[in-house]
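Chain by chain, the residues run as shown.
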There are 2 protein chains.
Amino acid sequence: MEVNFSKTNGLVPAVIQDAADSTVLMVGFMNQEALDLTRETGRVTFYSRSRDKLWTKGETSGHYLLTKEILVDCDEDTLVIKVEARGPGVCHNGFRSCFYRRWEGGEWKQVDQPAYDPASVYKS
Amino acid sequence: MEVNFSKTNGLVPAVIQDAADSTVLMVGFMNQEALDLTRETGRVTFYSRSRDKLWTKGETSGHYLLTKEILVDCDEDTLVIKVEARGPGVCHNGFRSCFYRRWEGGEWKQVDQPAYDPASVYKS
């Protein structure tokens, strides 16, 4: 079996990790088509659960994720994709990584500073 | 909202990353109870989708994952947990990380060597 898409409605989690310093930038979901497109184009493409369609990260912002390495886990139901991230950040809130808050003293505390102004990138 | 468990049947993916060198060791799923237990005990506890119950990583092998840091993403529906991993590896196939295969030339190629003998840890 190549990848097992049967466990979560045809989707597997894809952990996006910066190939240079191993920071986890974001986690998205992929179906078979998204994975095929990611391999063919070299640009990470997800399946959006909320919008119910494929989306290539960067298609709006220009901040593409260029695929360097695709790893699969022992159960063949989760991917780690090492990337070169174009642009200052992947998070639509303006941070380099979507994981910019840490659990501390009973609440989520911001532990990173914004890397860019999202209003200049995600125009309405 | 603290964590949004509504998108995947009450579960969120939890990326387990080695706190020392940032290697992604495994990805599991958590429900609210698993997250609460992880915080209270300091040992990572998942919700097993195949066995339909909570399981503390290490309860059979002794290879516990000691929680150092819990991060949440912008959508509050995915966690990154930085850990100190007890034992030589987290993968039940004997590898340090579950992500020991890379997509190369149209197939998954093993890119790491086993770290321990699973038969000595996971007795039947």
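Note: the structure precedes this text.
Cut-offs and rules
- Residues numbered from 1 in each chain as written.
- Chains lettered and ligands numbered in written order.
- Predicted model: local features only at pLDDT ≥ 70, side-chain atom pairs only at ≥ 80, totals over all residues.
- Heavy atoms only, no water.
- Helix = DSSP H or I, 4+ residues; strand = E, 2+ residues; numbered from the N terminus.
- Rg over C-alpha atoms; globule rule 2.2 N^0.38 Å.
- Buried < 20%, exposed > 50% of the residue type's maximum accessible area, 1.4 Å probe, protein only.
- Areas by Shrake-Rupley, 256 points an atom, 1.4 Å probe, with all protein chains shown as cover.
- Lys, Arg positive; Asp, Glu negative; His and termini not counted.
- Charge placed at Lys NZ, Arg CZ, Asp CG, Glu CD.
- Contact = heavy atoms within 4.5 Å.
- Salt bridge = Lys/Arg side-chain N within 4 Å of Asp/Glu carboxyl O.
- Polar contact = N/O pair within 3.5 Å; in protein donor to acceptor, adjacent residues only side chain to side chain.
- Nonpolar A, V, L, I, M, F, W, Y, C, P; charged D, E, K, R; others polar.
- Pairing = 2+ DSSP bridges.
- Axes fitted to C-alpha atoms, helices over the stretch in contact; angles between N-to-C directions.
- Disulfide = S-S within 2.5 Å.
- Least-squares fit on C-alpha atoms with pLDDT ≥ 70 in both.

## Focus on the overall build of chain A
Working step 1: Across its full length, chain A holds 1 helix and 8 strands.
Working step 2: In terms of overall size, chain A behaves like a compact globule, its C-alpha atoms giving a radius of gyration of 15 Å where 124 residues would be expected to give roughly 14 Å.
Working step 3: The principal-axis extent of the C-alpha atoms belonging to chain A is close to 40 × 35 × 30 Å.
Working step 4: Per-residue burial for chain A yields a buried fraction of 48% across its 124 residues.
Working step 5: When the accessible surface of chain A is split by element, carbon and sulfur atoms take 43% of a total near 5,800 Å².
Working step 6: A gap of 6 Å separates the mean positions of the 15 positive and 18 negative side-chain charges of chain A.

## Overview of the interface of chain A and chain B
Working step 1: On the chain B side, the residues contacting the 36 residues of chain A number 36 residues.
Working step 2: Applying the counting criterion to the chain A and chain B interface returns 6 salt bridges.
Working step 3: Of the charged contacts in the structure, one is a salt bridge between glutamate 69 of chain A and arginine 102 of chain B, with a shortest N-O distance of 3.2 Å.
Working step 4: Applying the counting rule to chain A against chain B returns 20 residue pairs in polar contact (both at pLDDT 80 or more).
Working step 5: It is strand 5 (residues 65-72) of chain A that provides the largest number of residues to the side of chain A that touches chain B, a total of 4 residues.
Working step 6: Grouping the constituent residues of the side of chain A that touches chain B by class yields 19 nonpolar, 6 polar and 11 charged.
Working step 7: Where strand 5 of chain A and strand 7 (residues 101-104) of chain B come together, 2 bridges link them in antiparallel fashion. Across the sheet, residue valine 72 of chain A finds its bridge partner in strand 7 of chain B, namely arginine 101 of chain B.

## Here we look at unusual backbone geometry
Working step 1: The residue glutamate 76 of chain A is not glycine, and still its phi comes out positive at about 55°.
Working step 2: Among the residues examined, glutamate 76 of chain A registers a relative accessible area of 17% and is labelled buried.

## Structural notes on the sheet that holds strand 5 (residues 65-72) of chain B
Within a beta sheet, neighbouring strands are joined by backbone hydrogen bonds and run either parallel or antiparallel to one another.
Working step 1: Taken in spatial order, the 6 strands make up an open sheet running 8(A)-7(A)-5(B)-6(B)-1(B)-2(B), and their pairing is mixed. For this open sheet the edge positions go to strand 8 (107-110) of chain A together with strand 2 (24-30) of chain B, each flanked by a neighbour on one side alone. On average, each strand axis in the sheet is tilted by 35° relative to the strand beside it, whichever way the strands run.
Working step 2: Looking at chain direction, strand 5 of chain B and strand 6 (residues 79-85) of chain B are connected through 7 bridges and run antiparallel. The residue of strand 6 of chain B that forms the bridge with threonine 67 of chain B is valine 83 of chain B.

## Topic: the state of the cysteines
Working step 1: Overall, the coordinates contain 0 disulfides over all chains when judged by the stated rule.
Working step 2: Cysteine cysteine 74 of chain B is unpaired, with the sulfur of cysteine 98 of chain A as its nearest cysteine sulfur at 3.6 Å.
Working step 3: Its relative accessible area of 12% is what places cysteine 74 of chain B among the buried residues.
Working step 4: Take cysteine 91 of chain B: it sits in no disulfide, and the sulfur closest to it among the cysteines is that of cysteine 74 of chain A, at 3.8 Å.
Working step 5: Judged by relative accessible area, cysteine 91 of chain B falls into the buried class, the value being 0%.

## Notes on the sheet that holds strand 5 of chain A
Working step 1: Pairing within the open sheet is mixed, and its 6 strands lie in the order 2(A)-1(A)-6(A)-5(A)-7(B)-8(B). Two strands in the sheet have a free side with no partner beyond their single neighbour: strand 2 (24-30) of chain A together with strand 8 (107-110) of chain B. Direction aside, neighbouring strands of the sheet carry axes that sit 35° apart on average.
Working step 2: Contacting strand 2, strand 5 and strand 6 (79-85) of chain A together with strand 7 and strand 8 of chain B, helix 1 (residues 32-41) of chain A crosses the sheet at an angle of about 125° to strand 2 of chain A.

## With respect to the environment of glutamate 76 of chain A
Working step 1: Looking at the element boundaries, glutamate 76 of chain A is found in the loop between strand 5 and strand 6.
Working step 2: With 71 residues separating them in the primary sequence, glutamate 76 of chain A and phenylalanine 5 of chain A have C-alpha atoms 8.5 Å apart.

## Section: the relation of the copies chain A and chain B
Working step 1: Mapping chain A onto chain B calls for a screw motion: a turn of 180° about the axis and a shift of 0.0 Å along it, with 0.0 Å RMSD after fitting. Both chain copies can therefore be described as sitting about a two-fold axis. Residue serine 22 of chain A of chain A places its C-alpha closer to the rotation axis than any other residue of that unit, at 2.9 Å.
Working step 2: Of all interface residues in chain A, 100% are interface residues in chain B too; the two copies therefore contact each other through one and the same surface.

## Let's talk about the side chain of aspartate 77 of chain A
Working step 1: Within the fold, aspartate 77 of chain A resides in the loop between strand 5 and strand 6.
Working step 2: Judged by relative accessible area, which is 5%, aspartate 77 of chain A ranks as buried.

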